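Residue-level listing of the chains:
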Amino acid sequence: TGVQTCALPIWVGHDRLEDHDVSVPPLSDLIALYEDMASACGSFSRPKTIGVALNTSSLNDGDAQHALETLSKEIKLPVVDPLRFGVTSLVDTLLN
């Protein structure tokens, strides 16, 4: 097993990519798609997403915390801003 990251340029509260006329599906759909693609050829077992790191640098602390909590409830996974609030919940998930 290993850790794989995937960076998606999604802004909190937006359903479109900035500066592009491209709609963004719900993050839970993107997570499922990413997991499907990673195991599509059968060479690897199906990965499991254990959490999400969200860049909240454009938000104040209160709004950032609210964004993390809202997204976590939506996707039913831990969501952190690693630079602002650390990664404890993701590390705990990996270790358990």
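Refer to the preceding data block for the structure.
Residues numbered from 1 in each chain as written. Predicted model: local features only at pLDDT ≥ 70, side-chain atom pairs only at ≥ 80, totals over all residues. Heavy atoms only, no water.

## Let's talk about the overall build of the protein chain
Counting secondary structure elements, the protein chain contains four helices and two strands. Starting at the N terminus and walking to the C terminus, you meet the elements of the protein chain as α-β-α-β-α-α. Counting across all 96 residues of the protein chain, residues that qualify as buried make up 21%. Contacts in the protein chain between residues far apart in sequence, at least 24 positions, make up 42% of those at least 6 positions apart. Split by element, the accessible area of the protein chain, about 7,200 Å² in all, is 56% carbon and sulfur. (Helix = DSSP H or I, 4+ residues; strand = E, 2+ residues; numbered from the N terminus. Buried < 20%, exposed > 50% of the residue type's maximum accessible area, 1.4 Å probe, protein only. Contact = heavy atoms within 4.5 Å. Areas by Shrake-Rupley, 256 points an atom, 1.4 Å probe, with all protein chains shown as cover.)

## Quick word on a nonpolar patch on the surface
Judged by side-chain polarity, Val87, Val91, Leu94 and Leu95 come together as a nonpolar surface patch covering roughly 360 Å² of accessible area. Within the secondary structure layout, Val87 lies in the loop between helix H3 (82-85) and helix H4 (88-95). Take Val87: its relative accessible area is 35%, and that puts it in the partly exposed class. (Patch = residues over 30% accessible without salt bridge, like charges linked within 9 Å, V, L, I, M, F, W, Y side chains within 5 Å. Salt bridge = Lys/Arg side-chain N within 4 Å of Asp/Glu carboxyl O.)

## A word on the nonpolar core
General note: in soluble globular proteins, nonpolar side chains tend to be found buried as a group. Of all hydrophobic cores here, the largest spans twelve residues; its members are Val24, Leu27, Leu30, Ile31, Val52, Leu54, Ala67, Leu68, Leu71, Ile75, Leu77 and Val79. Those elements that place two or more of their residues in this core are helix H1 (27-38) and helix H2 (61-75). The biggest single contributor to this core is H2, with four residues. Setting aside chain neighbours within four positions, we find Leu71 in contact with Leu27, Val52, Leu54 and Val79. (Core = buried A, V, L, I, M, F, W, Y, C linked by side-chain atoms within 4.5 Å.)

## Topic: the pattern of salt bridges
Applying the stated criterion across every chain yields a total of three salt bridges. For the salt bridge of Glu35 with Arg46, the shortest nitrogen-to-oxygen distance reads 3.4 Å. With Glu35 in helix H1 and Arg46 in the loop between H1 and strand S1 (52-53), this residue pair connects regions lying eleven residues apart in the sequence. Under the relative-accessibility criterion, Glu35 is labelled buried at 11%. Linking Arg84 and Asp61 is a salt bridge whose minimum nitrogen-to-oxygen distance equals 3.2 Å. Here Arg84, found in helix H3, pairs with Asp61, found in helix H2; they are 23 residues apart in sequence, far enough to count as distant.

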